[in-house]
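Residues per chain, in single letters:
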Amino acid sequence: MPHVLDLARAKALGDGEGLTQEELLGVLRLPDGEIPALLELAHETRLRWCGEEVEIEGIVSLKTGGCPEDCHFCSQSGMFASPVRSVWLDIDSLVESAKHTAKTGATEFCIVAAVKGPDERLMGQLESAVAAIRAEVDIQVAASVGTLDAAQARRLARAGIHRYNHNLETARSFFPRVVTTHTWEERRATLDLVRGVGMEVCSGGILGMGETLEQRAEFAAQLAEVEPAEVPMNFLDPRPGTPFAHYPVMDSRDALRAVGAFRLAMPRTTLRFAGGRELTLGASGAERGLLGGINAMIVGNYLTTLGRPMEEDLDMMERIQLPIKALNSAV
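The following refers to the structure shown. Fair warning: this is a prediction, and the values are worked out from it, not measured in the lab.

Quick look at unusual backbone geometry now. Its identity as a non-glycine residue notwithstanding, Glu169 has a phi of 80°, on the positive side. Looking at the secondary structure, you find Glu169 in the loop between strand S5 (163–165) and helix H7 (184–196). Phi is positive for Glu227, close to 55°, though the residue is something other than glycine. Inspection of the secondary structure puts Glu227 in the loop between helix H8 (213–226) and strand S8 (230–235).

Before going further, it helps to examine the nonpolar core. By size, the foremost hydrophobic cluster in this structure holds 86 residues, and its most contacted members are Ile133, Val145, Leu156, Met233, Phe235 and Phe262. With eight residues, the top contributor of residues to this core is helix H9 (residues 252–265). Aside from chain neighbours lying at most four places away, what touches Leu156 is Met123, Leu126, Val145, Leu148, Ile161, Tyr164 and Met199. Of all hydrophobic cores here, the second largest spans six residues; its members include Cys110, Ala142, Ala274 and Ile298.

Considering the arrangement of structural elements, one finds Pro228 in the loop between H8 and S8. Distance from Pro228 to Thr270, taken between C-alpha atoms, is 8.4 Å for residues 42 residues apart in sequence. Residue contacts for Pro228: discarding those within four places in its chain leaves Arg195, Val201, Ser203, Leu223, Met266 and Thr269.

Rules behind the numbers
- Residues numbered from 1 in each chain as written.
- Predicted model: local features only at pLDDT ≥ 70, side-chain atom pairs only at ≥ 80, totals over all residues.
- Heavy atoms only, no water.
- Helix = DSSP H or I, 4+ residues; strand = E, 2+ residues; numbered from the N terminus.
- Core = buried A, V, L, I, M, F, W, Y, C linked by side-chain atoms within 4.5 Å.
- Buried < 20%, exposed > 50% of the residue type's maximum accessible area, 1.4 Å probe, protein only.
- Contact = heavy atoms within 4.5 Å.

Below is the structure:
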């Protein structure tokens, strides 16, 4: 039986084919001493199938807090005693945020709302916001506003949303431990609608919520089945007032193993560092991730947590000589 990294070198690097769930479990079980070799192989794989450029994205919340869902990791749920309260941004504020994001060199600006799914008010605001941003800012606009029906998916595509984020969050077998107010299958159905109307699919999740290594491998394999254009990789940042508030921070070595495994599961996919990377990996760990399979980043702050200053991330990419993806090559 070949070593799992030898198998991955032939399969993921050589053929651009993702590893199976069982093979991914072997990657996640690699001893600490083999993490450098894993990250080197993951980096080679992403260079071969995705190129060397790093895609930069900024995100802003149109509606923050007051969500009716009970995602146990999320401080925006109205069901928990968290310090986050419901706030709406106006269109002018969104345009200014998009301008600020574009100045960093970002090609992507994502508008997010803490809702189960958009009502007519939110749909109208989102359509107006996209029109206003596209009139003034040279940047692609993505959105993440929860569960969609077919008509809403068509409207967002017509409005000019090019990529839609709806995270599967975790493995199907573990999902009921994380959310009880909707199902994993509902989330998957929205992704099918998004793809059907021509928007790019963006779907990832959060690692370190108490899932087993087997479930982590299951999650990576299930994401690969969706064939997303982009996978955001978040690591649990335990939020006060949530059911996961007292969970331990994920071990940085496990996080790096997961980065390598997700790249080998999806050799051709944009793999984006998202929330929790600062807490879990620190600055040096972020560099190791970017040289270990990651090829995109959210810069600046996240929805309810602080990220690193954008300038520090941009300086880091210059230091390790990774070019930022230009807008004209992303269209």
